[in-house]
Amino acid sequence: QVFEVNFAPSNFDVLTSPAPPDAMQRLTKTMLVALLGAASANEVSPIGKVMQLITDLQTKVISQGGAAQKAYEEYSEWCEDRARELGHEIKTGSAEVESLQASIAQSTSSAAEQTAKIEDLAGDIATDEADLRAATEIRDKERADFSAEESELVETISMLDRATGILEREMAKGGASMLQVKNAKSLASALSAMVEASVMSAADGSRLAALVQTSSQDSDTDTDSEPGAPDAAVYESQSGNIVGTLKDLSEKANSQLDVARKTETANLQNFEMLKQSLSDEIKNANKDLDAAKMGLAQSSEAKATAEGDLETTSTDLNADLAAKADLHQECMTKAEDFESETKSRGEELAAIAKAKVIIIEATGGAEEISYGGASFLQTASRSRLSSKADLAGFEVVRAVRDLARTQNSKALMLLSQRLASVAHSHSADVFGKIKGLISDMIEKLENQASADATHKVYCDKQLSETNSKKTEKTTEVEKLTTKIDQMTAKSSSLKEEVAVLQSALSQLMNSQAEMDKLRGEENTVYTTTKADLEKGLNGIQLALKVLNDYYAKDAAHVSASGSSSGIIGLLEVVESDFSKNLAEVVSTEEAAFAAYEQESKDNAVEKVTKEKDVEHKIKESAFLDKESAALSADRLNVQAELDAILEYLSKIEAECTEVAETYADKKAHREAEIAGLKSALDTLESETSLVQKRVAHRRFRGTGILAA
């Protein structure tokens, strides 16, 4: 709040409010000093001196009031500027607090999601690892069982093949060693006889007996033979039954061995597939877990950073709010103090003006009695003016004429002519008319001087205030323009960065789509190639088994063993090549899949990072655009105020600019004119007082009363 007071003296001449005690004391001291100083002054009466001091006091109080008004206006402008700055800082700080709070909430939500994901992934990894350990244990047990079974079956087949060969050889010989075999009532008895005849070892015999017993295939015969050498046909029949039984057992053992090997192969493949699947799941889950942990760390870091920034920003915002409240209180206190001082100063000027009026109205007669005599009219009524009085009148006229010439004043020249006309008219109360003309001219000149001084103060004040406001608004417009340009440039830069990021995201998505397509094609080729290699490998392995089994048990084809060895050797080379190619294909596929998975994860992380950057930059750019628009609106308002100030400044400059005579020159001329007229008036008054004293003396003498 700004309080404006015009301290022109004319504004206080009509005040009637009671004067404060301090003002009356100052006025009383001034009058006492004037009276004491006037006691030794013959040229100016004490009352005139008092009036001069009162006028000087008025001028001093008015000057102090003007200085106080200017200081308060400057302080008020500072309050407005500071309040505007704090308001902008509070607005910006509040927006930053809201943005940081939103960022903290987003980071907290992201951290919670990442924590839940980490827990889920840790649980999945633990489950997959437990499944893999259980599958491995089962596989180890299956492998051990198969190894034992295979070893047992291979030994059984070998033993059966050896027993069959021995029986066939002994049958071909037809010796006495077959007698006990012939007389055996069962296959077990025959095997015991063969052991006793040292045809086979006791261990082989026990195993064959156990095999026969577990197979429930008794080879007992009830054929009775006469003692002596057996008939060849009967021996062959008996031996043929044993040989056939052993061959049946051998075929059954081979069949069991094939089933066991196929089962082992299937179990191994199933385990490898399960192991690969679980390993891939564990590997991918670990990658996702690492990514989730990294995301949690980033979210936690972003949250901590935002919380630190929020604390700092909140502290600054609270400080700005407190500063604004303190500023408001301080400025209001200053305004109240200024209002009180202005009111006191106005009361003081009112008291001075009232005292001046009272002195002028009430001391006229007392001044005449105390400091000199009769009026011009009384003297003129008793007798015609003496030559000295006439001389005084002419001196006044001449003094006014000289003053008019010195100051080059047409008004004073006209006054001197009128004074000369009145002085030569010999009319009644000549001195009174002359004094009236001079007093009127003095009053007119004082009023003009007061008007010029008031106009000068008005012009100085208006020019100073308007130029100050012009500078203030120009600076404010420049500051707003700078801020708007900075925000616009920053927003444009952010938008360009967003465009670059969006282009990179588009390229990343296209690259990922192309990778997905190539991965699908590679997997299709891998599936087909693996199936062909596995089919070929199984075929080669089956062919090798057939040939090995055939040549191993058929002694009649010993002559072809050389050719068979070459074929089997080539097939083994082919099997090795197929196995190697299959391993390479599987290894290549695994490497390609791992690289694809890693690249996909990296792309996903990069995609999330770029999307977050785009989101944040878009948000920041929108905030800058909003702030820039608000500042642009503020700049339009300030520019409108500046345009109005410039328009008013041009008007006030045209009104107040001095073209010819300056105010200082006018003031000096008027002061000289007023001083000359007052001197002439003092001359008239002193002459009039002398005449009045003489007239009074004559009156007292005529009445017989002595004058005091």
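The model shown is predicted, which means the values in this text are computed figures rather than measured ones.

Novice: Pulling in residues and values, what's your account of the overall build of the protein?
Specialist: Assigned secondary structure in the protein consists of 13 helices and 0 strands. Secondary structure elements in the protein, listed N-terminal to C-terminal, are α-α-α-α-α-α-α-α-α-α-α-α-α. Taking as baseline every contact in the protein between residues at least 6 positions apart, the subset at least 24 positions apart corresponds to 87%. Summing over all exposed atoms, the protein offers an accessible surface of approximately 41,900 Å²; the carbon and sulfur share of this is 55%.

Novice: Requested: an account of the nonpolar core, with residues and values cited.
Specialist: In globular proteins that are soluble, nonpolar side chains generally tend to be buried together. Formed by Val400, Leu403, Ala404, Leu412, Leu415, Leu437, Ile438, Met441, Ile442, Leu445 and Ile674, the largest nonpolar core amounts to 11 residues. For this core, the secondary-structure elements that each account for two or more residues are helix 9 (387–407), helix 10 (410–423) and helix 11 (430–553). Formed by 10 residues, the second largest nonpolar core is a distinct cluster that contains Ile47, Val50, Val61 and Ile62.

Novice: I'd love a proper account of the packing of aromatic side chains, names of residues and values included.
Specialist: In the structure shown here, the tally under the stated rule is 2 aromatic pairs. Here the aromatic rings of Tyr72 and Phe338 are separated by 4.2 Å at their centres, their planes lie at 5°, and the arrangement is stacked. With Tyr72 in helix 2 (residues 46–173) and Phe338 in helix 6 (residues 232–362), this pair connects stretches of sequence that are 266 residues apart. Residue Tyr72 shares its accessibility class with Phe338, and that shared class is buried.

Novice: Lay out the environment of Thr313 in plain terms, naming residues and giving numbers.
Specialist: Residue position: Thr313 is located in helix 6. A residue is classified by how much of its surface remains accessible, and Thr313, at 11% relative accessible area, is buried. Residues Thr313 and Ser94, 219 residues apart in the sequence, show an inter-C-alpha distance of 8.5 Å. Discounting chain neighbours no more than four positions away, the residues touching Thr313 are Gly93, Glu96, Val97 and Leu100.

Novice: So what about a negative patch on the surface? Which residues, and what values?
Specialist: Taken together, the side chains of Glu119, Asp120, Asp124, Asp131 and Glu281 make up a negatively charged region of the molecular surface. When residues in the negative patch are grouped by element, the largest group, 4 residues, is from helix 2. Tracing the backbone through its elements, the reader meets Asp131 in helix 2. Classification of Asp131 as partly exposed rests on a relative accessible area of 39%.

Novice: Quick rundown of the pattern of salt bridges? Include the residues and the values.
Specialist: Two side chains that carry opposite charge are able to pair once their charged atoms sit near each other. Inspection of every chain in the model, using the stated rule, returns 23 salt bridges. Where Asp145 meets Lys141, a salt bridge forms, and the shortest distance between an N and an O atom there is 3.2 Å. With a gap of 4 residues between them, Asp145 and Lys141 both fall in helix 2, about one helical turn apart. Classification of Lys141 by relative accessible area gives exposed; the value is 55%. Via salt bridges that share partners, Asp81, Arg84, Glu472, Lys473, Glu476 and Glu641 belong to a single interconnected network.

Novice: Please give an account of the environment of Ala122 that cites residues and values.
Specialist: Examined against the element boundaries, Ala122 turns out to sit in helix 2. Once the C-alpha coordinates of Ala122 and Leu289 are considered, the two residues, 167 residues apart in sequence, prove to be 7.4 Å apart.

Novice: If you had to explain the state of the cysteines to someone new, which residues and values would you point to?
Specialist: Counting across every chain of the model gives 1 disulfide. Note that Cys79 is cross-linked by a disulfide to Cys331, the S-S spacing being 2.0 Å. Taking the sign of the torsion about the S-S bond as the criterion, the disulfide between Cys79 and Cys331, at about -95°, is left-handed. On the criterion of sequence distance, the pair formed by Cys79 in helix 2 and Cys331 in helix 6 is long-range, its members being 252 residues apart. Residue classification places Cys331 among the buried residues on the basis of a relative accessible area of 13%.

Novice: Before we move on, can you summarise the side chain of Lys610 with the specific residues and values?
Specialist: Inspection of the secondary structure puts Lys610 in helix 12 (residues 561–656). Apart from the residues within four sequence positions on either side, Lys610 is in contact with Leu501, Ala504 and Leu505.

Novice: Outline the environment of Leu321, supporting the account with residue identities and numerical values.
Specialist: Secondary-structure assignment places Leu321 in helix 6. Given a relative accessible area of 41%, Leu321 falls into the partly exposed group. Taking the C-alpha atoms as reference points, Leu321 and Ile90, separated by 231 residues in sequence, lie 7.0 Å from one another.

Novice: Tell me what's going on with the confidence of the model for the protein, and back it up with residues and numbers.
Specialist: In this model, the protein carries an average pLDDT of 75, and 66% of its residues clear a pLDDT of 70 or more. Between residues 27–43, whose pLDDT stays under 50, and residues either more than four places distant or in other chains, the model counts 20 contacts. The model gives residues 372–387 a pLDDT under 50, and that stretch makes 33 contacts with residues more than four places away or in other chains.

Conventions used here
Residues numbered from 1 in each chain as written. Predicted model: local features only at pLDDT ≥ 70, side-chain atom pairs only at ≥ 80, totals over all residues. Heavy atoms only, no water. Helix = DSSP H or I, 4+ residues; strand = E, 2+ residues; numbered from the N terminus. Contact = heavy atoms within 4.5 Å. Areas by Shrake-Rupley, 256 points an atom, 1.4 Å probe, with all protein chains shown as cover. Core = buried A, V, L, I, M, F, W, Y, C linked by side-chain atoms within 4.5 Å. Buried < 20%, exposed > 50% of the residue type's maximum accessible area, 1.4 Å probe, protein only. Phe/Tyr/Trp six-rings, centres within 6.5 Å; stacked < 30°, edge-to-face > 60°. Patch = residues over 30% accessible without salt bridge, like charges linked within 9 Å, V, L, I, M, F, W, Y side chains within 5 Å. Salt bridge = Lys/Arg side-chain N within 4 Å of Asp/Glu carboxyl O. Lys, Arg positive; Asp, Glu negative; His and termini not counted. Charge placed at Lys NZ, Arg CZ, Asp CG, Glu CD. Disulfide = S-S within 2.5 Å. pLDDT = per-residue confidence, 0-100.

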